[in-house]
Each structure stands twice: as C-alpha cells, then as structure tokens.
Amino acid sequence: MNSKGFLLVILLFTLNSCKENTDPQQKVQPAEQAIDTREYLKKGQQIAMQTQQVLGTTLKQKIAEGGPENAIAFCNLRALPITDSLAKVHHARIRRVTNKTRNGVNRANSEALSIMKRYKDQLEKGETLEGVVYVKNDHIQTYYPIMTAHLCMQCHGIPVTDIKAGTMSSILERYPADRAKGYTPGELRGLWSIQFEKQP
Ligand code: HEC
C-alpha cells in the first residue's frame, strides 16, 4: 500500500469511529450496567463471614460464662456492635433470614425462600453453595448460606436431647412462636442477606 492509500485507511477508520460514537446504540453503557456484581458478592461475603465469626465467638463466651440460657440474647445481630459498624462502613443492611424463624422479623421472603430451596437441593447433590447477587432498582442484594454447627445445637437442635428444658423454656418465654429447632449439624439454617445502597 502506498502512503496515500494508508492515509485513506486511517481517514476511513477515523470517520467510522466518529460515526460509532454518535450512534445512539453505541453510547457509553449506563452506570446501571457498569455495576461490578462480583465486587459486591465478595464484599457481602466478607461482611457475612466477619459477623458470623464475632457471633460464634460471642456465643461461645456467653455459654462458657453461664450456659446457653445466659447466651440467648446474643444470637441476635442487634446485640453485636460489629453489625452496626460494618453496616455504616459499607452502606449496607445486614440481616439473617430463614424459613423456620425464632424471631418473626427474620422471615425469608419468596426470593430468599427459593434460594434456600436451591441450596438444599445442591447440598443433597454434594455441591458447594455459592453466594447470590441481584441488582435491584435502588440497591444491590446479596445472599449467602448459614449452616448449623455443633455449637448451635443447644439452642436450635432437638428439644430435650440437645436443648435443655431450662433453655427451651427461656427461649419460649421470649419467642412463643419459635420454629427454629429440630436441626442437626451441617444443615442449611438460613441466609445472610446483605443489601448495599446503590452509589449515585
Ligand atoms: C444460646 C442459644 C443460641 C445459640 C447457641 C444459637 N442461637 Fe441462633 N438464635 C437464638 C435466638 C434466641 C434467636 C432469635 C434472635 C432474634 O431475636 O433475632 C436466634 C436466631 C437465629 C437466626 C435468625 C433466624 C431466626 O430464626 O430468627 C439464625 C439464622 C440463627 N439463630 C442461627 C444460628 C446458628 C447458625 C448458630 C450456631 C453457630 C446459632 N444460631 C446458635 C439462640 C441461639
């Protein structure tokens, strides 16, 4: 190609790219679609893991101090200062939801229930459970599994066998409509629901 031809190619290329930029179909993607969902999924998981860890440590400590009855007020995110500070730092709303609630405010909505169902199917097949992220109109919603462990049994296990009579009656005093018992270790107990404010 001679130099004239080469210039022509450049010119055509430039004209073409100008045309593309003015084409409404080719406009820069709106911020809505530029949201990095993987980033939110990772951030939500960190928040869930950090809160879970503090929750576990607090429960163990309170049980060691005065048995499960002494710890009943501490399986509650509002009893943990870390929930507030993480929520503020990340502009997030941190909750736990489930199908079988002890406290009715933690009732799962239909979206969370269908994720729980999918997780249970996956557990049966021996698959690993992954977090879920949705971009909503005004927020980003993430979910992660909450599994039962041995520690949970003294308050969420089988009454009498795992949950002592005294513990059960203290639980029922506070939560007369309690359904959060009868679990065995390694079961899906519920979901972390971490919602992020959409940044303007
Ligand atoms: C000392 C008793 C105790 C132990 C141990 C305990 N919990 Fe709880 N759990 C409770 C109480 C009481 C509530 C209700 C808290 C509230 O008012 O939100 C609760 C609520 C929950 C909820 C919120 C949903 C609902 O049913 O209201 C989840 C999820 C949960 N527990 C999971 C666990 C897991 C997982 C473990 C083990 C790591 C565990 N709990 C250990 C007493 C306990």
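Please read all numbers here as calculations on a predicted model, not as lab measurements.

**Student:** Hey, could you run me through the nonpolar core in this one?
**Tutor:** Generally speaking, nonpolar side chains in soluble globular proteins are found buried as a group. Core analysis: the biggest nonpolar cluster contains 20 residues, and Ile-47, Ile-94, Trp-192, Ile-194 and Phe-196 have the highest contact counts within it. Looking at this core, the element that brings in the most residues is helix α3 (residues 37–71), giving 7 residues. Here Ile-194 is in contact with Gly-44, Ile-47, Ala-48, Ala-92, Arg-93, Ile-94, Ile-140, Gln-141, Thr-142 and Tyr-144, once residues within four sequence places are set aside. If you look at the next biggest cluster of nonpolar residues, it comprises 11 residues, including Val-97, Met-116, Leu-188 and Leu-191.

**Student:** Quick question: what am I supposed to make of the coordination of the iron atom of the ligand here?
**Tutor:** Each pair of donors in an ideal octahedron of six around a metal sits at 90 or 180 degrees, and each pair in an ideal tetrahedron of four sits at 109.5 degrees. Only Cys-75 (SG) and His-156 (NE2) from the protein reach the iron atom of the ligand as donors, at distances of 2.0 to 2.3 Å. For the iron atom of the ligand, the 6 donor atoms are set out with angles of 87 to 179° between them, so the coordination reads as octahedral. Taken together, the positions of Cys-75 in the loop between α3 and α4 (81–90) and His-156 in helix α6 (residues 153–156) put the pair 81 residues apart, joining distant regions of the chain. Look at Cys-75 and you get partly exposed, because its relative accessible area is 29%. Given the relative accessible area of 10%, His-156 is considered buried.

**Student:** Before we go on, may I ask you to explain the packing of aromatic side chains in this structure?
**Tutor:** For any pair of aromatic rings, the description consists of the separation of the ring centres together with the inter-plane angle of the planes. According to the stated counting rule, one finds 2 aromatic pairs in the structure shown. Between Tyr-40 and Phe-196, the ring centres sit 5.2 Å apart and the planes meet at 55°, which makes this aromatic pair tilted. With Tyr-40 in helix α3 and Phe-196 in strand β4 (residues 188–197), the pair connects residues that are 156 residues apart, well separated along the chain. Of the two residues examined, Tyr-40 and Phe-196, each falls in the buried class. Note that Lys-62 overlies the ring of Phe-74, its terminal NZ or CZ placed 4.7 Å from the centroid. Above the face of the Tyr-183 ring, Lys-100 is positioned so that its terminal group lies 4.5 Å from the ring centre.

About the thresholds
- Residues numbered from 1 in each chain as written.
- Predicted model: local features only at pLDDT ≥ 70, side-chain atom pairs only at ≥ 80, totals over all residues.
- Heavy atoms only, no water.
- Core = buried A, V, L, I, M, F, W, Y, C linked by side-chain atoms within 4.5 Å.
- Buried < 20%, exposed > 50% of the residue type's maximum accessible area, 1.4 Å probe, protein only.
- Helix = DSSP H or I, 4+ residues; strand = E, 2+ residues; numbered from the N terminus.
- Contact = heavy atoms within 4.5 Å.
- Donors = N, O, S within 2.8 Å, 3.2 Å for Na, K, Ca; no water.
- Tetrahedral: all angles 85-135°; square planar, octahedral: opposite > 155°, others 65-115°.
- Phe/Tyr/Trp six-rings, centres within 6.5 Å; stacked < 30°, edge-to-face > 60°.
- Lys NZ or Arg CZ within 6 Å of the ring centre and 35° of its normal.

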